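Summary of the model geometry
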Amino acid sequence: MDKEAIFDIFYSYFGTNPEIIARAPGRVNLIGEHTDYNEGFVLPAAIGQSVLVAAGRNETGEYHFYAAEYDSSFSTRELKTAVAPRDWWANYPMGAISELKREGLDPGGINLVIGGSIPQGAGLSSSAALISAVLLALTELMNQGLSRPGMARLAQRAENNFVGTQCGIMDMFASLMGRHDHVLRLDCRSLEYTYSPFPGDEYRLVLFDSRVQHQLVSSEYNTRRKECETGVGILQKKYPEIRSLRDATPATVYEHADVMPDNIFRRCLFVTEENERVNAFCRALETGNTEMAGALMYQSHAGLQDLYEVCVEETSFLVDSMRGIAAGSRQMGGGFGGCTINLLKISTPDNEIERVKSAYFARFGLHMRVLPVKISDGAQILQIFNENVG
Ligand code: GLA
């Protein structure tokens, strides 16, 4: 969908022009999984697949939303979590508005059309993109220049407090701060960030959507968070200065092997090693050693599988199938299915991918979806139609 299409939908749905159209992209994460909520490092990038929103204010004080992809509408006067399963998507714009209001920024009644091209359920953070697009559009409408990192914090709070997902800050930060052809190294404690060029003249990124997404993901995600906190509690007895796993190293974790329950030990070891891998990956990119960067992705997958235990047979099959073909491959995102991310030489022929696709179907009876991604700019205002705005 492009901005002309969403403009037309807005006009035919509400009978007026929108005041603003904004876009916010999904994200990939090259490395640094389950480190964001441990105040560690991540290396995401914004992608071309994006959410578009067209917004305008109304005089009624009500919220009217229309999700073009689902041909589904939702109206309310009150910002309360929607409970009907068919209205789940409305929680994201409501969460965004609710957090704005908490900051004392009340946009008043809003008409909103949502459209876009981020595949759902593949782990590309369509929800973070939707919240980010709404925040960007509405703060602009109110002429309130929030900083992008500040907006990312607000977006995270919308998910945590309103929608009730205990996610970290990576997804929204990447959606709001991504840069064309660059990966973004984010320190999830300080929110300091740097960009490194992606070697796009030689390599490309391709996602394999396993089409598996276990319901387990949110309960296990919260369990992992708790296990990490338990680990920090144990480490603090000897090292009170450790505030989160970000402050520990694999050596510190090994030192505590005898006093940690086995699952806690493995979770802590994974997170501390993964933080080191993010930094090693950046060094590898800086020195042009993309093969080394790829090897770190395979190591990350092994850790996700054996130490963090968030992989499924299907994604591990896809990663193993790419050994010797992709420079790097690993399961991406929260886990228990979703996509694998593959770092491929541009010269790698597509029939290698087709071969994996057939083998995957033969083994699991599932049609894996191939999603090529281009690293693109973060969220942006596409057009403003009200001369008093901006
Ligand atoms: C999900 C969350 C992110 C992050 C990843 C794991 O995608 O939304 O905040 O924790 O899982 O790295």
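Bear in mind that the values here come from a model prediction, so they are computed numbers and not experimental data. (Residues numbered from 1 in each chain as written. Predicted model: local features only at pLDDT ≥ 70, side-chain atom pairs only at ≥ 80, totals over all residues. Heavy atoms only, no water.)

A few points about the overall build of the protein chain
Within the protein chain, the secondary structure is distributed over 11 helices and 13 strands. Compactness check: the protein chain gives a C-alpha radius of gyration of 21 Å against a globular reference of 21 Å for 390 residues, within 12% of the reference. Along the longest, intermediate and shortest principal axes, the C-alpha atoms of the protein chain span 65 × 55 × 40 Å. Long-range pairs, those at least 24 residues apart, make up 71% of the contacts in the protein chain between residues at least 6 apart in sequence. Accessible surface, the protein chain: about 15,900 Å² in total, of which carbon and sulfur atoms supply 48%. Of the charged side chains in the protein chain, 36 are positive and 48 negative; the average position of the first set lies 2 Å away from that of the second. (Helix = DSSP H or I, 4+ residues; strand = E, 2+ residues; numbered from the N terminus. Rg over C-alpha atoms; globule rule 2.2 N^0.38 Å. Contact = heavy atoms within 4.5 Å. Areas by Shrake-Rupley, 256 points an atom, 1.4 Å probe, with all protein chains shown as cover. Lys, Arg positive; Asp, Glu negative; His and termini not counted. Charge placed at Lys NZ, Arg CZ, Asp CG, Glu CD.)

Re the domain arrangement of the protein chain
Each assigned domain of the protein chain is listed here: domain 1 (3-198 + 376-384) and domain 2 (203-373). One C-alpha centre belongs to domain 1, the other to domain 2, and the line joining them spans 26 Å. Domain 1 puts 35 residues into the contact, and the matching count from domain 2 is 45 residues. When domain 1 packs against domain 2, close to 3,200 Å² is buried across both sides, 61% of that on carbon and sulfur atoms. Three residues, Ile31, Glu33 and His34, lead the burial of domain 1 against domain 2; their summed loss comes to 21% of the area buried on that side. Close ionic contact of Asp247 with Arg189 constitutes a salt bridge, the shortest N to O distance being 2.9 Å. For the interface between domain 1 and domain 2, the tally reads 21 residue pairs in polar contact (both at pLDDT 80 or more). (Domains from an automatic or database assignment. Buried area = accessible area lost by both parts, 1.4 Å probe. Salt bridge = Lys/Arg side-chain N within 4 Å of Asp/Glu carboxyl O. Polar contact = N/O pair within 3.5 Å; in protein donor to acceptor, adjacent residues only side chain to side chain.)

Overview of the nonpolar core
Among the nonpolar cores identified, the biggest contains 110 residues, and Val28, Leu30 and Val53 are the most heavily contacted of them. The greatest single-element share of this core, amounting to 12 residues, is contributed by helix α8 (residues 262-286). Taken domain by domain, this core gets at least three of its residues from each of domain 1 (3-198 + 376-384) and domain 2 (203-373). Residues in contact with Val28, not counting those within four places in the same chain, are Pro44, Ala45, Ile47, Leu205, Leu207, Met332, Ile341 and Val373. (Core = buried A, V, L, I, M, F, W, Y, C linked by side-chain atoms within 4.5 Å. Buried < 20%, exposed > 50% of the residue type's maximum accessible area, 1.4 Å probe, protein only.)

Points about the environment of Ala55
Structurally, Ala55 is set in strand β3 (residues 44-57). By relative accessible area, Ala55 is classed as buried at 0%.

Thoughts on the environment of Leu184
As for its placement among the helices and strands, Leu184 is situated in strand β7 (residues 182-187). The buried category is assigned to Leu184, whose relative accessible area is 1%. Here Leu184 is in contact with Val42, Leu43, Pro44, Phe173, Ala174, Met177, Tyr193, Thr194 and Tyr195, once residues within four sequence places are set aside.

Things to note about the sheet that holds strand β9 (residues 203-213)
If you trace the four strands from one edge of the open sheet to the other, you get β10-β11-β9-β12, paired in antiparallel fashion. Looking at which strands have only one partner, the edges of the open sheet turn out to be β10 (328-331) and β12 (369-373). Each adjacent strand pair in this sheet contributes to an overall mean axis angle of 20 degrees, direction not counted. (Pairing = 2+ DSSP bridges. Axes fitted to C-alpha atoms, helices over the stretch in contact; angles between N-to-C directions.)

Focus on the site of the ligand
As a structural note, the neighbourhood of the ligand is formed by Arg27, Glu33, His34, Asp36, Tyr37, Cys167, Gly168, Met170, Asp171, Tyr221, Gly333 and Gly334. Interatomic distance of 2.6 Å between a side-chain N/O atom of Glu33 and an oxygen atom of the ligand. Tyr221 places a polar side-chain atom, nitrogen or oxygen, 2.5 Å from an oxygen atom of the ligand. The fraction of the free accessible surface of the ligand (300 Å²) that becomes covered by protein chains is 90%. Its residues assigned to classes, the shell around the ligand shows four nonpolar, four polar and four charged. (Near = heavy atom within 4 Å. Nonpolar A, V, L, I, M, F, W, Y, C, P; charged D, E, K, R; others polar.)

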